[in-house]
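# Structural description and commentary
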Amino acid sequence: MSSVTGARPASIFERVQELYDRNLFQQAWRESAHYWTRETSVAGLSTEELVLGMRLASRLGGLRLSRWLGREAQRRDPQHPKVRYFTCFLRRRGWSYFKNIRMLQATPELEGADPDTQSSWLAYSAVVWASIRDFDRAHEYLTRARAFQPKDNWISSCESDVFAYEDKWQDSLNSAEEAWQITPGSPYAARSLGSALLTLGRVDEAAQRLAAAARAGESYEISQLACWYLCAWAESATLDERKRILAEAQDIAANISALAPLADRDTHASIARTHLDIAQLCDDHAAMEQWAEVARSAFHRRVLENLRKNPTGKRLRLPFRHAIQRHNECLPTSVGSAMAAMGTPIDADAMAAELTFGGTPEWAAGDWLEQRGFVVRFFAATPQVTAGLLRNGFAFVLTLESDSSAHAVALVGLDEAAGTVIVHDPSGWRETEYLLDYFGRDEAPLGPRAMVAVLPEHAATLDRLLPPEDAAACSAREDWRRAGFLHGNFAARQALTSITERLPHHPVALLMQALQDHEDGRVGPALSQLQSLLARFPNSAFVRSNLIACCRSVRNTSLMRQTLADVVERGKLPGVEQQQEWRYPPSEYLSEYADLLRLSAETRGRAEALLHGLLARNPSHAPAWHILADLLWDNRDFQGALLGYRISAFLADRNEHYAHAYAEVLCRLGREQEGFAWLRSRVTRFITSSYAVTTWVTLINLLEKRGYPEEALTAATEALDAQPDSGELLVFLVPLYARMGLWSTAEKLLVTLEQTGNRALFHRAAASVSRMRGELNQAIDHADAWLRESPLSMAARNELVDLIATRDDAAAAQKLARTWMAEYPQHEEIEELYFRQLGRSSYASMRRYRLLLNRVKRNPEDSWAWCELAFLAIYDYQIGDDALRCRLKAKILRFLGECDRTAPGQPFTVRAHAEWLEVQGLWNEAVERW
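Residues numbered from 1 in each chain as written. Predicted model: local features only at pLDDT ≥ 70, side-chain atom pairs only at ≥ 80, totals over all residues. Heavy atoms only, no water.

### Notes on the packing of helix H9 (residues 153-165) against helix H10 (residues 169-182)
To describe two helices that pack against each other, one gives the angle between their axes and the distance between the axes. One way to put it is that H9 packs onto H10 with a least axis distance of 8 Å and a crossing angle of 165°. Looking at the two axes, H9 sits roughly antiparallel to H10. Seen from above, H9 lies across H10 with left-handed handedness. Residues Asn153, Ser156, Ser157, Glu159, Ser160, Phe163 and Ala164 of H9 pack against Trp169, Asp171, Ser172, Ser175, Ala176, Glu178, Ala179 and Ile182 of H10. Among the residues making up the contact of H9 with H10, the classes are represented as six nonpolar, six polar and three charged. (Axes fitted to C-alpha atoms, helices over the stretch in contact; angles between N-to-C directions. Helix = DSSP H or I, 4+ residues; strand = E, 2+ residues; numbered from the N terminus. Parallel < 35°, antiparallel > 145°, perpendicular 65-115°, else oblique. Left-handed = near helix turned anticlockwise from the far one by under 90°. Contact = heavy atoms within 4.5 Å. Nonpolar A, V, L, I, M, F, W, Y, C, P; charged D, E, K, R; others polar.)

Right, dumping it as structure tokens:
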């Protein structure tokens, strides 16, 4: 929008604003048409006129023009309340998602804003908080917004969106209906209303109401939205209804372009995708050809090519159940859709309530189905297998894997002419299509993983359609995962033996062997096998992520940092020749790389920049928030760290480390009861899931740690009542009861733990109890058995070496630690264990010096090693003669300088400086440091 310079009637702005507020966008366009010309200038527009022009341009299809006007308003008057509100989506130099969230927390209200703008800002902020799953704050902001405008359509629409994030779908609909009643025909209310009706399964009602609004209104956005919902309705309608519904969609779509007079390239492409959607459902190939070019859709161009090659191919669509998942419940929802497509519906909500906690393991879902009389098979979904199953009426669940997550969808149909499979993704209502010939490319038989469940009478037919060896290997893989999860490494090794004996050279068996080698501490063979598998199957994200995990287990910070630098900066994986083609590296690798960079002051700025960039692209990535919080805590920005810990714990609400970190920081900042109350709320939320026992452990652990033993015991009793046979709970409670002097209870629970069959957990608990009883021989036997079961466990190594030092002497403990050093060269945690054992004989020794000097030579950013070198040198300086002191002084100053470089302001750096001042007799300066 632009404006002629000079005087203008003041009523023009008011008239356009009134029309805009009534959603009469075409009338507003005609009223202001003489301002939208190339010959005019924006220089004469006021800030409020610029904001209105930006908003109207967006409603008329001029998305790029809208952004340009918004940036002009920011340049001219960045602190104006309406500019701040209506341009908050535009990123500026120095902008970061974290800073934006922190600003919302620190100053919820817009300074100087009128009541309408203030309430709108607060309601929008509520949606931002809900998007990162901080629902308490979201509702707090909605309440504040209502204080300014008790009855407002925008607030009600935002409230609907907040409830939708919470999976409170009926509440979401109630708020959407309220927004629609206040101002029917507003685009944002239409979006909330349609979404709420859709999640409740009322797609026909959503389509009809939005279609009526599109015909009566002046919004191209509502017209597009109506077409989308009509297409969604058509997908599940009978043939005659489908034709009628699609005809209505075509009528509405024909008028969309006229409602977007300022349409730019992006808007034209969006409108073309609407026409393309309708054309595809109508099987109108000529229209698909036309619109695919405008929409710039490579997928549809490929589909059209397939249609030309195979015009007589058939389209099969099983009668699946449309459903939208709740948070983290994609697998149960997809299983429900697939089972309904075969006429054998199940209660997906019941499955989710029992099994889902941070996702649902496929083997657990399989067990749940088998307990209800179904036959379950696991397999790799290659094009041939997929087409064969769907032609025979078998719908199934496919797991889509990325480097850091997985998502389950239901495959419910096949279009032979288009060369696609019909997919129901539970994250949305509409069915979608995937190109069939891409399934398993450079990945099968390792993936993509799939699962099908049928009645026993169909099992024989199903088995004839699945390749025997691949299906056997995939089923064995789930058996192995189940055994490891429920009973530990010993059971997993037994499960692995059966498949490696039958199919020793099968890729799935080789993968399982590599993963078991990794768990057993044989990192070298595991790394070599994973590199070989990734070279054969370069599209396997699962192999790729486990290859990185294997590198991580070496526990060599310098090596891992270089490995992740190769992945993040150059797309190069360890030991693999080809580059990875990604625009941005996977979030998991990038955040882990930043975590290593933050350990050194020299690279901390780079780490922070990487994290802010990642959060701008993916604000829901919980690890990035947690690592940013660690970084801010190191920088002594405690309130910023608390915010980061809170968001990470809310986004990954099944992650016990994040939950404990958030509650612990609340305690450290003097808000203990708030931390305990939050942990208790997690226990209550997940009380029905048999996999959520760790929520109890986190609560009880913090209660004991913070000095509330009686409350810890009360919570332990409640946990046992809820999960009496959980190995994860028992291994924690047995030492707890022993520490509290309740020996009979501890012994009874230890027997129960042994009966679970998880040998690693049993020996871990038994070692702890035996140590407290003073039975060192038994404790050592149990600790040794625990280490054999869990070779990667540093807790087991520390327990064993400390017990040997107590029973025998420091020399025996040092000998054992030295043996481990030889087995795992440059393993930093084992080096630190050895370093501590050397300290039992002499605080400062040449072996300790050599170990630390090798560490800093290998990794100059190792702040721990630099500070320990400083402590050793200061100790020798304190007990040495004048000649030794003279030689050591320069070294101490060098070591302290390296501490300042790598970890300035950190407690151990401050302590090193204070001790150095003390030994020099500079008491006043030392007191200031302390």
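Here the narrative resumes.
### Quick notes on the pairing of strand S3 (residues 396-401)
Direction of pairing for S3 relative to strand S4 (residues 406-415): antiparallel, over a ladder of six bridges. Along S4, the bridge assignment pairs leucine 400 with histidine 407. Taken together, S3 and the strand that follows it, S4, pair antiparallel across an intervening segment of four residues. Where S3 and strand S7 (residues 449-454) come together, two bridges link them in antiparallel fashion. Within S7, the residue paired with leucine 398 across the bridge is alanine 450. (Pairing = 2+ DSSP bridges.)

### Quick look at the pattern of salt bridges
Counted by the stated rule, this structure contains 74 salt bridges. In this structure, glutamate 18 engages arginine 15 in a salt bridge whose closest nitrogen and oxygen atoms are separated by 3.2 Å. Note that glutamate 18 and arginine 15 are positioned in helix H1 (residues 10-21) at a spacing of three residues, about one turn of the helix. Owing to a relative accessible area of 31%, arginine 15 belongs among the partly exposed residues under this scheme. Each of Arg493, Asp517, Asp520, Arg522, Arg759 and Glu789 takes part in a single network of salt bridges with overlapping partners. (Salt bridge = Lys/Arg side-chain N within 4 Å of Asp/Glu carboxyl O. Buried < 20%, exposed > 50% of the residue type's maximum accessible area, 1.4 Å probe, protein only.)

### Quick word on the environment of alanine 795
Positionally, alanine 795 belongs in helix H41 (residues 794-807). Note on alanine 795: relative accessible area 45%, which makes it partly exposed.

### Description of the state of the cysteines
Here a disulfide denotes a covalent bond joining the sulfur atom of one cysteine to the sulfur atom of another. With the rule as written, the count across this model stands at zero disulfides. No disulfide involves cysteine 550; its sulfur sits 6.4 Å from the nearest other cysteine sulfur, which is in cysteine 551. (Disulfide = S-S within 2.5 Å.)

### Side note on unusual backbone geometry
For residues other than glycine, phi is negative in most cases, and the peptide bonds are mostly trans. Here the bond from alanine 444 into proline 445 is cis, since omega is 10°, no more than 30 degrees from zero. Within the secondary structure layout, proline 445 lies in the loop between strand S6 (431-435) and S7. In this structure, proline 448 follows glycine 447 across a cis peptide bond, with omega equal to 0°. Mapped onto the elements, proline 448 comes out in the loop between S6 and S7. Its identity as a non-glycine residue notwithstanding, aspartate 442 has a phi of 55°, on the positive side. Summarising the element assignment, aspartate 442 is placed in the loop between S6 and S7. The class for aspartate 442 is partly exposed, based on a relative accessible area of 41%. A positive phi angle, near 65°, is found at glutamine 826, a position not held by glycine. Tracing the sequence through the fold places glutamine 826 in the loop between helix H42 (810-823) and helix H43 (828-838). We classify glutamine 826 as partly exposed; its relative accessible area is 41%.

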